[in-house]
Amino acid sequence: MKIEKLVIYGFGKHQDREIVLDSELSIIYGTNEAGKTTLQQFIVQTLFGYPTKNQNLRRYEPKNGGKYGGQLHIHDPDFGRVIIERVKGKAAGDVTLYFEDGSRGSDAELKMILRDYDRASFESVFSFSIHELQGLENMSEEELSRTLLASGTTGMDAIAQMESRLEKDMATVFKKSGRNPEINQLVDELKSFENELKTYRSRIELYEPYMARIREIDRRLADISEEEETIDHAMKSVERWLQAEPLITKRDALTLEANSMSISSMPVDGRRRMDKLADRLSETAAKISLLEQQTGKTEPLEPKKHVAEIEALLAKESGWHRLRSELAHNQHEMAKNADEQNRLLSLVGMDLEQALQADISLQNEERLLAHVEKADREEEEQRFHYRKLADEKAKLEESSKELKFFLASEPSETERQAAEEWLAIAPKLAEAKVAGQLQSAQNTKSLLGILIGLGFLGVVIGLWQENYPLAAIAGLAFLAGGWMFIQGRKSATLPADYQQVLAAYSGREDEFTALIEKLAQYDRKLDGLLDQLEASKRKVASLTQGQQESSAKSAYQMFLQELGIHSEAGRKTVMELFYALREIQALQTILQRLGNECDKLTHEMEEWLETASVACGKPLAADGLYEAIRTEYSMRNESNAKLEKAFEQHNEHQQELEQFRSLASQIEHEQNMLLKHANADTLEQFYRFCDESERLLEIHKQQAFLEAQLEGIGDVEAGLEIAGDSPAEKIEGYKAGLMELKKERHALFAEKADKQQMTRMLLSDGEYEDKLQQFEEKKMELAELAKRWSIDKAITAAIRQTMDDLKDKKLPSVIGAAQMYFKKLTGNAYSSLEIDPEGFFEVVRADGMRFHIAELSQATKEQAYVSLRLSLTVSMRDSNPFPVIMDDPFVHFDRRRLQHMINLITELQINHQFIYFTCHEAMKESWPNASVIDVADIERSVHL
Amino acid sequence: MKGIRFIHAADLHLGSPFTGLKGLQREQWQKLKDSTLEAFDRLITYALEQQPDFVLIAGDIYDGEDRSLRAQQRFQQGMEQLDKAKIPVILCHGNHDHLSGNWTRFELPQNVYSFGATVSQISLDVRGMEVAIAGFSYGERHIKESMIKAYPEASGSEKFYIGMLHGSLEGEKAHAVYAPFTKHQLLEKNYDYWALGHIHLRQQLHEEPAIVYSGNIQGRHRGESGPKGFYEVELSKTSTQLKFVQTSVLQFDDIKVDCKDVIHMNELLDACTKSAREFIERYGPGAVKMHFVNLDAEARELVLDISDEELKEAVREAVEEMDEFFLVQEIAIEKGVHTAELSPLAEEIIAMMDSWEMREWKDVLKDLYRHPKGSRYLEPLDATAAEEIQAAAAEKIRRGISNGG
């Protein structure tokens, strides 16, 4: 594949360029910043796509926003002439291929043309700069051979990708010495599973020994039961003996005792009966002595008290009370009447004596009334007379006051003169006035004007409206106005006296008229007042003269004196006093009567009191008399009852005493009977016999009881007491033995239960099986993973081996060629380029010295690298016929070596296209027949 | 002449776990875990119903190390049931329950006769007929030497001679060598029946006299596929009738899923459930490897488009709906006629693996198989495993490359 032409639409700084390349060698020259690298990138990126944004490579999108992209015109041995066009589109750019036959293609076809090569592979072989050359020392055989192999084999990429993917996968599945990969983890898990299983298994192994132990325990338990039975038996017999032994001893003792006793007959229930009799006897004796004591103590009896008189008094109680209340009532009445009498006496103002002497008969009363009437009338007349006199006096006084007041407003002397003058002047003034009036009529001109105007207007309106009456009236008015106007013009002058009068009195006519009136009035009133005064004086005088006498009054006063009443008292009062006197006398009578009654009652009560005092045997007061009587009465009754009771008791005691004495003798008789029956002489003897017989009975009972007990205990081995330990010790021993066995049994039971539970649990425990299954599952997982890993491992191993094979076949020829070029380039200074056993490059100098590539000088190192690259390129001529793009890689070469280089390339360029970018002017001159393209030139000249 | 009727069972492996099952739900596991015990119960139930003259158990009643007490108890209870039914049981211990193991043993009832570590012969009276049974139990884990020579030859034709032997045919490569014997050696003894144990695959090595492996009563992993059970044998001097009685509760197997015309996922899942249903109807619960067959280009695209794990998950979920337990352990996709074109390099790589001998395989995988801790839990790498890996690797390369890598 050779690039014939670059057509740049827009790429970096280049725009609308067309650059034609030589089919063998093109030197592209440009100073720094001229855009060489841009051109180089244009070629690479057009072939392999624009870098995407996340790649770390530069995009050359035009900054000024022009069209992005361009074409490469190539010629390929397999595909002929093809135009590869890449423009802006998707991230890597949109590709269109134009084939010679007119067909088009895109990415897939481009990929074919590029022989599945990617950018990295391309750059690693066909495109290099000085920087890449310097990296050679780090390249291992492995990488080199990869590069080599990559060059020749299609499908390599896929395989390589697969390999790296598998390697990655495998790393997650298994690592020889890892922890995290799945298999490694799983193995650890399996390990722990296994341990768990071991634990389970060892637990299961407990089963058999446990079962054996359970059986053993069962056997031992049976033995224990047997042993226990034996001990129990022995112990029981000892116990029986221990129980029986004291019983037998006792039985024997009782028999002995019974035999020693000699008792004849004993009355049935003798002791109890005897006791009872004795009890009764002592009780009776006690009662007798008590009764005797009581009767001896009784005092002599008093005689009874009398109550009959008192009872009679009590029967008359109400009489007494009536007496008392009557007396109280009378006394009360007396006091009331005395009070009334006293009140009236003080009203009358007389002492009792006088009052009683006054005559209060009805005739007297009538006389008094007549006197009173006469005196009243007389007094009435006198009063009327006095009132009239007082009136007249008041009138007189008023009249004189009025006169005085009137006189104060008497008109002055000037007024009286003025009035007189006025009476003379008045006619004169009237004349003057008339004259004046005529003159003053001229002064009505303006009025006339109006009258004339109105008249005229009225005529006009009347005529116009044909209202002739109006017109006529108006005409009249007009004429009148006119006439008056003419009249008014005449003026007359008045006489001088007239003018004088007028000046003095004109306008005061009313004033003077009023003054005259006033004076006249005054004089009239004065006369009236003086008359009035005189009349009043006369009347008073007449009234004062007519004084009257009072004869009736003195007669009345006389009568009163006779009566004893103060004569000055009013007539009404006198009547009342008269009535009061009458009442006083009546009250006196009542008082006397009441006094007599009271005396009688008091006497009666005293008698009563005396009777009572005698009856009660002590002096008594009137107040609370009957309470005292009643107390006395009940006291007496009580003491009488007591006496009665004491008497009865005394009789009773006497009777009882008799009874008890006879009872005592009977009891003594019975006692004697009992004694006789028991053949006892004394009571002590009797009781002793009783004790003995009871004891005998007791002994019989105990004997029977002991026999029954002995029977219950059963057979008792005789002679036990003789052998060995004491029975108690023996029992202790047995008990201890049993306790031991019991303890053992408990322990065994507990153990058995424990073991049984464990074995049962082991039997029913499914966990072990679960674990086992899980373990198997894990193993399966492991197997699967192992298989996965094995497959991947097999593939990668196979890939590697295949690669190695290829390398073995291919590498030597490449190295051989490289060695040849290297020799040439160094001018035979180095004889050989080899790979050392570690897989690194080595060179052999002409003198046989070996150097690792890193040890070489910079230029020599670069020559070695160039040799390898060129050798690779040559070896790939058929499979990957790409142009070689170099970016000034030879700057370190001296002239001689550069010449060697040029010679070599010249040799190779026949078959390979070389595109050489340089900024060194010398370089472009060094190539004899290269087509040199100056970047600066194209910038200037070539424009589409 | 009258004959005898007995049951020949072997390799009960009671209570031993399932292997190769992964990702079971807890309830699924609960259903599964008792399946060996259930299978054993079926055996006992059958014996109680059918009243055979006796029962032979040719070794490996349980796995020595993994035995659970429950399993042993169950066995003991089974034996007691037979005892009550007066059915004698003759058993020998195999390599998994050999006599020297220091594990718990249950006392077995009187009807059970257990052979000792050396070959011996016992005589049974079966309805007046004498049956001589010879056998031995494993005294230890490994019996490498042949025990057959010690078996007494049959003498006289009155009795029935039966040999019980837990071991493998000489030269059998797939199994480790245990008490090896040859068919010829057995036939030489002139026995009427050879009741063999140890090999879990049911098989008859010889017709008359019958030399029979009854196989185990319940498969425990994919390797033990198909129906499992025991033989009921009717033996007369003239003929031997074998009747296989299935006991397996769950069956491991391979089933095919016809993917013809499958385009969409739900069609594929329907096809899977259909196959599963057919299987369940025939065999009951199962754990299977599904083989997708008859895939056309679209079906292939469908299944290749999703990862194995996803596919398995989807199919599992689809068949989980079944009433019976049904587990899809693995899915295999039939190779297409048109495999994607591979680059010469990829072909070269596959060829490279092809060329590897066992030695090289071991070398390649040594990192894992030499791992001090991990290798213990792995099955040893053998030719079969290597082949499997190779096939899977090749498939992976093909798919990896053709999927555009």
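Source: prediction; values computed, not measured.

1. A look at the overall build of chain B
- Looking only at helices and strands, chain B has 11 helices and 15 strands in total.
- Counting across all 405 residues of chain B, residues that qualify as buried make up 42%.
- Taking all contacts inside chain B whose residues are at least 6 apart in sequence as the whole, residues at least 24 apart take part in 70%.

2. Brief notes about the overall build of chain A
- In terms of helices and strands, chain A carries 28 helices and 14 strands.
- Here chain A holds 944 residues, and 21% of them are scored as buried.
- The contacts of chain A with a sequence gap of at least 6 include a subset with a gap of at least 24, amounting to 75%.

3. Some points on helix α7 (residues 182-204) of chain A
- In a regular helix each residue adds 1.5 Å, so 23 residues correspond to 33 Å; α7 of chain A covers 32 Å between its end C-alpha atoms and thus fits that length.
- Turning to α7 of chain A, its buried residues number three or more, namely Ile 183, Leu 186, Val 187, Phe 193, Tyr 200 and Ile 204 of chain A.

4. Describing the interface of chain B and chain A
- If you look at the interface, chain B gives 43 residues, while chain A gives 45 residues.
- Of all the secondary-structure elements, those providing two or more residues to the side of chain B that touches chain A are α1 (26-33), α3 (69-84), α8 (344-355), α10 (366-369) and α11 (383-402) of chain B.
- The element that contributes the greatest number of residues to the side of chain B that touches chain A is α11 of chain B, accounting for eight residues.

5. So, unusual backbone geometry
- Between Glu 208 of chain B and the following residue, Pro 209 of chain B, the backbone shows a cis peptide bond with an omega angle of -5 degrees.
- Here Pro 209 of chain B lies in the loop between β9 (203-206) and β10 (210-213).
- Backbone geometry places Glu 33 of chain A, a non-glycine residue, at a positive phi of 70 degrees.
- With respect to the helices, strands and loops of the structure, Glu 33 of chain A is situated in the loop between β3 (25-29) and α1 (36-48).
- Judged by the 11 C-beta atoms lying within 10 Å of it, Glu 33 of chain A is exposed.
- With a phi close to 60 degrees, Lys 86 of chain B is a non-glycine residue in the positive phi region.
- Along the chain, the position of Lys 86 of chain B falls in the loop between α3 and β3 (89-92).

6. Some remarks on helix α11 (residues 317-348) of chain A
Residue and element names in this part refer to chain A.
- If you check α11, its first and last C-alpha atoms are 47 Å apart, about what 32 residues at 1.5 Å a residue would give, namely 46 Å.
- Turning to α11, its buried residues number three or more, namely Asn 330, Gln 341, Leu 344 and Val 348.
- Lining the buried residues of α11 we find α12 (352-357) and α20 (571-616).
- Gly 349 sits one or two positions beyond α11 and adopts a positive phi of about 75 degrees.

7. Overview of the environment of Ala 503 of chain A
All names here are of chain A.
- Summarising the element assignment, Ala 503 is placed in helix α17 (residues 496-505).
- Residue Ala 503 is classed as exposed on the basis of its C-beta count, with 9 C-beta atoms lying within 10 Å.
- C-alpha separation for the pair Ala 503 and Leu 429, spaced 74 residues apart in sequence, amounts to 9.7 Å.

8. Let's talk about the pairing of strand β1 (residues 2-11) of chain A
Residue and element names in this part refer to chain A.
- Summarising the sheet, β1 and strand β4 (residues 69-76) pair through seven bridges and their orientation is antiparallel. Bridging from a neighbouring strand, Ile 3 pairs with Ile 74 of β4.
- As judged from the six bridges shared by β1 and strand β2 (residues 14-20), these two strands associate in the antiparallel manner. Within the sheet, the bridge partner assigned to Phe 11 lies in β2 and is His 14.
- Count of turn residues in the β1/β2 antiparallel hairpin: two residues, of which Gly 12 carries a positive phi of about 60 degrees.

9. Section: the nonpolar core
- In this structure, Val 55, Leu 56, Ile 57 and Trp 194 of chain B are the most contacted members of the largest nonpolar core, which totals 94 residues.
- Here the element with the most residues in this core is helix α2 (residues 35-50) of chain B; it accounts for six residues.
- Excluding residues that lie within four positions of it along the chain, Ile 57 of chain B makes contacts with Ala 9, Ala 10, Leu 12, Val 89 and Leu 91 of chain B.
- In this structure, Ile 8, Tyr 60, Leu 833 and Met 901 of chain A belong to the second largest nonpolar core, which totals 58 residues.

10. Some points on the sheet that holds strand β10 (residues 841-845) of chain A
Residues and elements named next belong to chain A.
- Strand order in the open sheet formed by three strands is β9-β10-β11, with antiparallel pairing between adjacent strands. Only two strands of the sheet have a single partner each, and these edge strands are β9 (830-835) and β11 (850-852). With direction set aside, neighbouring strand axes in the sheet form an average angle of 25 degrees.
- Here β10 pairs with β11 via three bridges, running antiparallel. The residue bridging Val 843 from the neighbouring strand is Phe 851, located in β11.

11. Comments concerning the pairing of β9 of chain B
All names here are of chain B.
- In this sheet, β10 lies alongside β9 in antiparallel orientation, the contact comprising three bridges. Paired with Gln 204 across the bridge in β10 is Val 212.
- Here β9 folds back onto β10 in antiparallel fashion, the turn holding three residues.

12. Let's talk about the sheet that holds strand β11 (residues 229-235) of chain B
Residue and element names in this part refer to chain B.
- In space, the six strands of this open sheet follow the order β4-β3-β2-β1-β11-β12, with mixed pairing throughout. The open sheet has two edge strands, β4 (112-114) and β12 (240-246), and neither has a second partner. Between one strand and the next, the sheet's axes are offset by a mean angle of 20 degrees, whatever the strand orientation.
- As paired elements, β11 and β12 share seven bridges and run antiparallel to each other. Its bridge partner being in β12, Phe 230 is matched across the sheet by Val 245.

13. So, the environment of Asp 323 of chain B
Residue and element names in this part refer to chain B.
- With respect to the secondary-structure elements, Asp 323 resides in the loop between α7 (308-319) and β15 (326-333).
- Judged by the 8 C-beta atoms lying within 10 Å of it, Asp 323 falls in the exposed class.
- With 46 residues separating them in the primary sequence, Asp 323 and Arg 277 have C-alpha atoms 9.5 Å apart.

14. A short note on the packing of helix α24 (residues 767-825) of chain A against helix α25 (residues 858-875) of chain A
Residues and elements named next belong to chain A.
- Interhelical geometry of α24 versus α25 gives an angle of 135 degrees and a closest axis separation of 8 Å. It follows from the interaxial angle that α24 and α25 lie oblique. Once α24 is placed against α25, the crossing between them reads as right-handed. Residues Ser 813, Val 814, Ala 817, Ala 818, Tyr 821, Phe 822 and Leu 825 of α24 pack against Gln 863, Ala 864, Val 866, Ser 867, Leu 868, Leu 870, Ser 871, Leu 872, Val 874 and Ser 875 of α25.
- In terms of residue class, the contact of α24 with α25 is made up of 12 nonpolar, five polar and no charged.

15. Looking at the environment of Phe 181 of chain B
Residue and element names in this part refer to chain B.
- Residue placement: Phe 181 occurs in the loop between β7 (160-166) and α4 (183-188).
- Note on Phe 181: 23 C-beta atoms within 10 Å, which makes it buried.
- It is 5.2 Å that separates the C-alpha atoms of Phe 181 and Glu 170, two residues lying 11 residues apart in sequence.
- Non-local contacts of Phe 181, meaning those with residues more than four positions away in its chain, are made with Ser 146, Ile 148, Leu 165, Gly 167, Leu 169, Glu 170 and Leu 186.

16. Quick look at the confidence of the model for chain B
- Mean pLDDT for chain B: 84, with 93% of residues reaching 70 or above.
- Predicted complex metrics record ipTM = 0.73 and pTM = 0.49.

17. What to know about the packing of helix α13 (residues 362-408) of chain A against helix α18 (residues 509-545) of chain A
Residues and elements named next belong to chain A.
- One can describe the packing of α13 onto α18 by two numbers: an axis separation of 9 Å at closest approach and a directional angle of 155 degrees. As judged from the angle between their axes, α13 and α18 are roughly antiparallel. Two packed elements cross with a definite hand, and for α13 against α18 that hand is left-handed. Judged by residue contacts, Lys 388, Leu 389, Glu 392, Lys 393, Lys 395, Leu 396, Ser 399, Ser 400, Glu 402, Leu 403 and Phe 406 of α13 engage Lys 525, Leu 526, Leu 529, Leu 530, Gln 532, Leu 533, Ser 536, Lys 537, Lys 539, Val 540, Leu 543 and Thr 544 from α18.

Scoring rules and cut-offs
- Residues numbered from 1 in each chain as written.
- Chains lettered and ligands numbered in written order.
- Predicted model: local features only at pLDDT ≥ 70, side-chain atom pairs only at ≥ 80, totals over all residues.
- Helix = DSSP H or I, 4+ residues; strand = E, 2+ residues; numbered from the N terminus.
- Buried ≥ 20, exposed ≤ 12 C-beta atoms within 10 Å, placed from the backbone.
- Contact = placed C-beta atoms within 7 Å.
- Expected span 1.5 Å × (residues − 1).
- Pairing = 2+ DSSP bridges.
- Core = buried A, V, L, I, M, F, W, Y, C linked by C-beta atoms within 7 Å.
- Axes fitted to C-alpha atoms, helices over the stretch in contact; angles between N-to-C directions.
- Parallel < 35°, antiparallel > 145°, perpendicular 65-115°, else oblique.
- Left-handed = near helix turned anticlockwise from the far one by under 90°.
- Nonpolar A, V, L, I, M, F, W, Y, C, P; charged D, E, K, R; others polar.
- pLDDT = per-residue confidence, 0-100.

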